[in-house]
Structures are given as C-alpha cells and as structure tokens.
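What the coordinates show
Next come the chains, spelled out residue by residue.
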Amino acid sequence: MSSVNVPALVLAAGGGRRLGGRPKALITRQGRPLLAHALEVVRAGGCTGAVVVLGAAADQVRATVDTGPSVLVDNPDWESGMGSSLRAGLAALPPGAGAVLVMLVDTPGVTPAAVARLLAAHAAGAELAAAGYHGRRGHPVLIGARHFAEAAAGAVGDAGARALLTAHPVELVECGDVAVPDDLDTPADLTRWQAG
C-alpha cells in the first residue's frame, strides 16, 4: 500500500495571454474564481492539503480568493512557462508527501471523482498516473515521490511533466465518465464554459 499523504499541486500562475491577459486563477465560472473551484475539487477528492503556485497578478489573487490553509508559492518566472511553476511547486511540497496530484487551474471540468480515482490508483501502487479520457491522457496527473527530482529536472518551458511522463510507463486512469478534460485557453473556451 502506497502512502496516503498526497497533497495537490495547483498550477495557477498563468496570465491568460490568449484570454486577453486575464489571470486564469481569477477567471470566474458560475460566480467563483477558477482557483477557488480547483481547490474545492482537490480537497473533496481526498488530497491532503494543497500547494498553489501563483504568478500573474499574484497579489490580486491572494486578496481575492479564499485559499484556506493552502501553501501559496510565488513564481517570479511564471512567464517562462508551466515548467517553472511545476519546479516551484515541487520544491514547496511538505515533507513526507508520498506523491503529488498536479492540477491545472484552467480545467474546470475535472471533478472530485476524477481526483479520487487517481489517489486510489496511487494507493494501489501506481507511481505515475494520469486521468484518461476515452483512452487519451489528460489532467490531473499523479507523480510519486521517487519521481519528484526527475520531474523538476525535466520541467522546462511549457512542457511541465511531459519529459517524465514520456520516459516512464504511466497508468491511465479512465475518468471520461466523471470528468471533462477541456482547458480554458481562448475566449471561445471561456464562453462555452461560462454558459455551462
């Protein structure tokens, strides 16, 4: 049985360049900032706490969003891409974490049920797992502690954990029946989600 100490790492630093420069953490859906929604999802799914990486408008996010007991980390290099945020978040994980669940702030269709399935896969022995959507890998992603250093070393530009997930077998945990993988990158994406 693997460790049950699995915090979430919520990547929320993006500036929303293709969304007109609105920081993704502050975009609202159904009256709530995406960051508040993401934190609720990972907590309800069973994660043991959360580390949130902030970048664009970090001070405004801190002042606007109730992040509860989450650990907030500023990434001054957020404009360089997701890789720097992943590195900053991994470095801030609490001691003793058996794995981390990496959650993107702009995936509002991810549900607590999807998070719970990934945590269950880790409890059953998976060291690398990703939510699958009808056979295609998506988010969130679970990274076991023994892969933290390799994940950080390979996190450059916008690649995030791609190098790690390409180099090793990844257990695909089907979530297409309980979640939607779409992220919010364009005004059209946002319009579709805000109508939902």
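Residues numbered from 1 in each chain as written. Predicted model: local features only at pLDDT ≥ 70, side-chain atom pairs only at ≥ 80, totals over all residues. Heavy atoms only, no water.

1. Notes on the sheet that holds strand E6 (residues 99-104)
Spelled out, the test is: DSSP bridges decide pairing: two strands pair if at least two such bridges lie between them. The secondary structure listing takes helices from DSSP runs of H or I that are at least 4 residues long and strands from runs of E that are at least 2 residues long, numbered from the N terminus. Axis geometry follows a simple rule: fit a line to the C-alpha atoms, using only the stretch in contact for helices, then measure angles between N-to-C directions, giving values from 0 to 180 degrees. Residue contacts follow a heavy-atom distance rule, with two residues in contact if any of their heavy atoms lie within 4.5 Å.
Taken in spatial order, the seven strands line up as E5-E4-E1-E6-E8-E7-E9 in an open sheet, and their pairing is mixed. The open sheet has two edge strands, strand E5 (71-74) and strand E9 (171-174), and neither has a second partner. Averaged over all pairs of adjacent strands, the angle between their axes in this sheet comes to 25°, without regard to strand direction. Inspection of the sheet shows strand E1 (residues 8-12) paired to strand E4 (residues 50-54) by five bridges, in the parallel sense. Looking at the pairing, Val10 lines up with Val52 of E4. Contacts from helix H1 (residues 34-45) reach E1, E4 and E6 within the one sheet, and its direction differs from that of E1 by about 165°. Across the face of the sheet, helix H3 (residues 82-91) comes into contact with E1, E4, E5 and E6 while running at roughly 145° to E1.

2. Quick word on the side chain of His37
Checked against the element boundaries, His37 lands in helix H1. When neighbours within four sequence positions are excluded, His37 is seen to be in contact with Arg32, Pro108 and Val110.

3. Considering the nonpolar core
Keep this limit in mind: Each nonpolar core is a collection of buried residues, namely Ala, Val, Leu, Ile, Met, Phe, Trp, Tyr and Cys, held together in the definition by side-chain atoms within 4.5 Å. Throughout this description, buried means an accessible area under 20% of the type-specific maximum (1.4 Å probe, protein chains only), exposed means over 50%, and partly exposed covers the range between.
With 39 residues, the main nonpolar core has Val10, Ala12, Leu35, Met103 and Val115 as its most contacted residues. Residue assignment for this core shows that the elements contributing at least two residues are E1, H1, E4, helix H2 (58-64), E6, helix H4 (112-123) and strand E7 (128-133). Take this core: its biggest share by element is seven residues, from H1. With residues up to four places along the chain from it excluded, the contact list for Ala12 reads Ala25, Leu35, Val52, Val53, Leu54, Gly55 and Val105. Counting residues in each nonpolar core, the second largest holds 22 residues, with Leu11, Val73, Val102 and Leu165 among its members.

4. Examining unusual backbone geometry
Residue His139 is joined to Pro140 through a cis peptide bond whose omega torsion reads 5°. Tracing the sequence through the fold places Pro140 in strand E8 (residues 136-144). Phi at Ala57 takes a positive value of approximately 50°, unusual for a residue other than glycine. Checked against the element boundaries, Ala57 lands in the loop between E4 and H2. Phi is positive for His134, which is not a glycine, with a value near 55°. Relative to the assigned elements, His134 resides in the loop between E7 and E8.

5. Some remarks on the pattern of salt bridges
Under the convention used in this document: By definition here, a salt bridge exists when the distance from a side-chain nitrogen of Lys or Arg to a carboxyl oxygen of Asp or Glu is within 4 Å.
In this structure the tally under the stated criterion is four salt bridges. Linking Arg62 and Asp74 is a salt bridge whose minimum nitrogen-to-oxygen distance equals 2.9 Å. Taken as a pair, Arg62 in helix H2 and Asp74 in strand E5 lie far apart in primary sequence, 12 residues in all. Judged by relative accessible area, which is 41%, Asp74 ranks as partly exposed.

6. Examining the environment of Val115
You can see Val115 is positioned in helix H4. Separated by 60 residues in the primary sequence, Val115 and Cys175 have C-alpha atoms spaced 9.1 Å apart. Leaving out residues up to four positions away in the same chain, Val115 has contacts with Val41, Val42, Gly45, Cys47, Leu101, Val110 and Pro140.

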